[in-house]
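# Structural overview
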Amino acid sequence: MSAPGTMLIVGAGQAGAWAARTLRESGHAGRIVLCGAERHAPYERPPLSKGLITGVSSVADSEVLGLAEMEDRAIEFLPSLEAVKIDPASRAVLFGDGQKISYEKLLLATGGSPCRPRLPGLDSPRVHTLRTLDDALALRRAFAQAPRTVIIGGGWIGLETAATACSLGCSVSVIEASPRLCGRSLMSPVSEWLLERHEAAGVRVRLGHGVTALNDDADGIRVRLDDGSVIVADLVLVGVGMQPNDALAREAGLDCGQGVRVDAACRTSDPHIYAAGDVAVLAHPRAPQGLRLESWQNAQDQGVAAARAMLGQTVAYMPVPLLWSEQYEHMIQIAGFPNLAQHTLWRATPGGGRLYLGVDTSGVTVAAVGIDAGRDFRAARKSVEQNAQAPLAGYQSCDASAPAGSSANSELTA
Ligand SMILES: Cc1cc2nc3c(=O)[nH]c(=O)nc-3n(C[C@H](O)[C@H](O)[C@H](O)COP(=O)(O)OP(=O)(O)OC[C@H]3O[C@@H](n4cnc5c(N)ncnc54)[C@H](O)[C@@H]3O)c2cc1C
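Structural notes, computed from the coordinates. (Residues numbered from 1 in each chain as written. Predicted model: local features only at pLDDT ≥ 70, side-chain atom pairs only at ≥ 80, totals over all residues. Heavy atoms only, no water.)

### Re helix α8 (residues 296-310)
We count it as follows: Numbering goes from the N terminus for both helices and strands, where a helix is a DSSP run of H or I of at least four residues and a strand is a run of E of at least two. In this analysis, the expected span of each helix is defined as 1.5 Å times one less than the number of residues it contains. Using a 1.4 Å probe on the protein chains alone, a residue whose accessible area is under 20% of its type maximum counts as buried, one over 50% counts as exposed, and one in between counts as partly exposed. Contacts: residue pairs with any heavy atoms within 4.5 Å of one another.
Taking 1.5 Å per residue, 15 residues should reach 21 Å; α8 reaches 21 Å between its end C-alpha atoms and fits that length. Counting buried residues in α8 gives 11 out of 15 residues, a clear majority hidden from the surface. For α8, the set of buried residues is Asn298, Ala299, Gln300, Gln302, Gly303, Val304, Ala305, Ala306, Ala307, Ala309 and Met310. Lining the buried residues of α8 we find β1 (7-10), α1 (14-25), β7 (105-108), β19 (259-262), β20 (273-275) and β21 (280-284).

### Quick look at the layout of surface pockets
Put simply, the rule reads: A 1.4 Å probe that fits into a set of points on a 1 Å grid over the protein atoms alone but cannot get out defines a cavity; an open set with protein on both sides within 12 Å along at least five of seven lines defines a pocket, and lining residues are those with an atom within 4 Å of a point. Grid points are joined across faces, edges and corners, and a volume is the space filled by probe spheres set on the points. All amino acids are sorted into three groups, where Ala, Val, Leu, Ile, Met, Phe, Trp, Tyr, Cys and Pro are nonpolar, Asp, Glu, Lys and Arg are charged, and the leftover types, Gly among them, are polar. Residue ranges labeled as domains rest on an automatic or database domain assignment.
The calculated volume of the second largest pocket comes to roughly 270 Å³. Lining the second largest pocket are 15 residues, with Lys50, Gly51, Thr164, Glu326 and Tyr328 positioned closest to its centre. Among the elements of the structure, α2 (51-54), α5 (156-167) and β23 (322-327) are those that each provide at least two residues to the lining of the second largest pocket. Among the elements that line the lining of the second largest pocket, the one with the most residues is α5, at four residues. When the residues that make up the lining of the second largest pocket are grouped by side-chain class, the tally is six nonpolar, six polar and three charged. When we break the lining of the second largest pocket down by domain, the ones giving at least three residues each are domain 1 (7-113 + 242-310) and domain 2 (127-238).

### A word on the sheet that holds strand β22 (residues 287-291)
Convention followed: Whether two strands pair comes down to DSSP finding at least two bridges between them.
Here four strands make up an open sheet; going across it, the order is β18-β19-β21-β22 and the pairing mixed. Each edge of the open sheet is held by one strand with a lone partner, namely β18 (256-257) and β22. Pairing of β21 with β22 involves two bridges; the strand directions are antiparallel. Within the sheet, the bridge partner assigned to histidine 284 lies in β22 and is alanine 287.

### Concerning the side chain of threonine 6
The topology assignment puts threonine 6 in the segment before β1. The exposure class of threonine 6 is buried, given its relative accessible area of 5%. If we skip the residues at most four places from it in the chain, threonine 6 touches Arg31, Val33, Ser102, Tyr103, Glu104 and Lys105.

### What to know about the site of the ligand
To keep things clear, this is the line we draw: For this description, a residue counts as near a given molecule or strand if any of its non-hydrogen atoms is within 4 Å of it. In protein, a polar contact means a hydrogen-donor-capable atom and an acceptor-capable atom, both N or O and within 3.5 Å, with residues adjacent in sequence counting only if both atoms are side-chain atoms; elsewhere, any N or O pair within 3.5 Å suffices. For the area figures, the Shrake-Rupley method with a 1.4 Å probe applies, and any residue is considered shielded solely by the protein chains shown.
The ligand sits among 34 residues. The nearest are Glu38, Arg45, Lys50, Arg131 and Asp278. For the ligand, an oxygen atom lies 2.7 Å from a polar atom in the side chain of aspartate 278. At a separation of 3.1 Å, an oxygen atom of the ligand approaches a polar backbone atom of tryptophan 296. Burial of the ligand by the surrounding chains reaches 93%, relative to a free accessible area of 1,000 Å². Among the residues making up the shell around the ligand, the classes are represented as 16 nonpolar, 10 polar and eight charged. Split by domain, the shell around the ligand shows at least three residues from each of two domains, domain 1 (7-113 + 242-310) and domain 2 (127-238).

Shown next, in the form of structure tokens:
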């Protein structure tokens, strides 16, 4: 039997927390249950690869929805509790401790888990992944010894942790299998800038190489690369992406791709079940396979949107992706769809920053990347949101050593 008035949220991360808060703020008077597999109250993950490891920020700074607020808002918080099965027919969720909670509406906000490649030696105690607060606290303890560090994966988490480790005096190598850094989420000139910045900090970056094995020995852990070379380290961080935690949804027969498929109202293929955050794949006109975002902003906004939709409000959540990263002293902001860019333009911004625009074949700005570009980035982000033609004046093309307005780039104005 369903439970009229009970809003059940599985996953107490950024999306789940914002959904719980929004349900109450939007006037829901019934039961709100927020359950999470972790032992902590909801917290933000961005500090985990940055200030939480260096000690600049504390665990308390990362809180998204504290115990006191949950008590005030009568949100029932069930930590350390894993949902193991959804029964859509009876509208109930079964938990690891044997209890069953019935719902009127269910939100899946289960996020993702780090990918673990099949690699001999991956079970070594020197090998870390980074997704949770407990992972970050373990890394903080390990980095206190300034270990020789190898990071497998040159994506956001790998690079942020590389910068953090450098700032703590570690010697750092980054191994990336593809030919460039953050290849899935940046235009290549920005990847080149990142490479230069990390190398300038002393990070040894090996692009186009995979790791074939890890072996512990008396001197540390030996990281073997596919060209036969070996790097000896004290600590290895595996940062090769995440898998959406969509097993519950799959087993319940919900439509899934690389995550749980949702529409603009955050609804899954079951009208009583919603999904938000890293686990949700949104049907989106610019992404034929669906759009699954791994970003703080999306987790918050989609959590809010899902809560409103669960209350029957009209919701049309169709975001322009927005992400930021902090590495060394730099703030890097990305808006839009860098993978759709055919050309890249750039210009310097006041104060020593850089602004890159990704432009498609018809001259539309499909992505903007700011490096310490503050206000200029915000203006460029608006252009992306409005599908505006790229403003060529003042920009240089990254595709040829010619100014963007020259004949070499005339197709951009078409
Ligand atoms: C180290 C790190 C740094 C990041 N830095 C940035 C950044 O600088 N900028 C940015 O934009 N984004 C950043 N992100 C991404 C951003 O934090 C995520 O996109 C966001 O946390 C996703 O929120 P979520 O609620 O969807 O998932 P999560 O925050 O992962 O929360 C999901 C929760 O669900 C729980 N759960 C899973 N399965 C079950 C189950 N069966 N039963 C109960 N509970 C379950 C999990 O334990 C987890 O607590 C970072 C992520 C990480 C890991």
